[in-house]
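# Observations on chain architecture
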Amino acid sequence: RITELGRNWRLRVIVCYVNKEDSNGPLLEINKMALLHECTLLLAWSWQESARYLETFKAYENKAPTSIQEKVDGDYMTKLADVLKSVRGV
């Protein structure tokens, strides 16, 4: 089914419901398939979580990217505080 989609979509998402304890083997195969076909893989551990992912994607489908981007303050003190918090020790 993924190959039928072709390259018509910029974002292709696979929502996978995980309902078994030992699912490492199948998840590895699904991960490989998603990677080869340039899809995003989302894992959900309940039907409600799967539905919430779909609802969220549908809600943001036609919105501008700025609606989900981080709001950054432009004043000097905020920028200075961000720089000083991100400096790594020597």
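The preceding data block contains the structure.
In this report, the structure presented in the accompanying data block is examined. Quick caveat, the model's predicted, so the values are computed rather than measured.

We now examine the overall build of the chain. For the chain, the helix and strand inventory stands at 4 helices and 2 strands. Listing each helix as α and each strand as β along the chain from the N terminus yields α-β-α-β-α-α. Against the globule reference of 12 Å for 90 residues, the chain gives a C-alpha radius of gyration of 19 Å, more extended than a compact globule. Relative to its full complement of 90 residues, the chain shows a buried share of 13%. In the chain, the share of contacts with a sequence separation of at least 24, taken over all contacts with a separation of at least 6, comes to 61%. When the accessible surface of the chain is split by element, carbon and sulfur atoms take 56% of a total near 8300 Å². With 13 positive and 12 negative side-chain charges, the chain shows a separation of 5 Å between the mean positions of the two kinds.

Quick look at the packing of aromatic side chains now. Using the criterion set out here, one finds 1 aromatic pair in the structure. Here the guanidinium or amino end of K63 rests over the ring plane of Y60, the centre of that ring lying 5.3 Å away.

The residue R12 is located in the loop between α1 (2-5) and β1 (13-17) in this model. Within the buried core, R12 has no salt-bridge partner, and the shortest N-O distance to an opposite charge, that of E38, equals 4.9 Å. A distance of 2.3 Å separates a polar atom in the side chain of R12 from the backbone oxygen of H37. When sequence neighbours within four positions are dropped, the list of residues in contact with R12 reads I2, L5, G6, R7, H37, E38, C39 and T40.

About the thresholds
Residues numbered from 1 in each chain as written. Predicted model: local features only at pLDDT ≥ 70, side-chain atom pairs only at ≥ 80, totals over all residues. Heavy atoms only, no water. Helix = DSSP H or I, 4+ residues; strand = E, 2+ residues; numbered from the N terminus. Rg over C-alpha atoms; globule rule 2.2 N^0.38 Å. Buried < 20%, exposed > 50% of the residue type's maximum accessible area, 1.4 Å probe, protein only. Contact = heavy atoms within 4.5 Å. Areas by Shrake-Rupley, 256 points an atom, 1.4 Å probe, with all protein chains shown as cover. Lys, Arg positive; Asp, Glu negative; His and termini not counted. Charge placed at Lys NZ, Arg CZ, Asp CG, Glu CD. Phe/Tyr/Trp six-rings, centres within 6.5 Å; stacked < 30°, edge-to-face > 60°. Lys NZ or Arg CZ within 6 Å of the ring centre and 35° of its normal. Salt bridge = Lys/Arg side-chain N within 4 Å of Asp/Glu carboxyl O. Polar contact = N/O pair within 3.5 Å; in protein donor to acceptor, adjacent residues only side chain to side chain.

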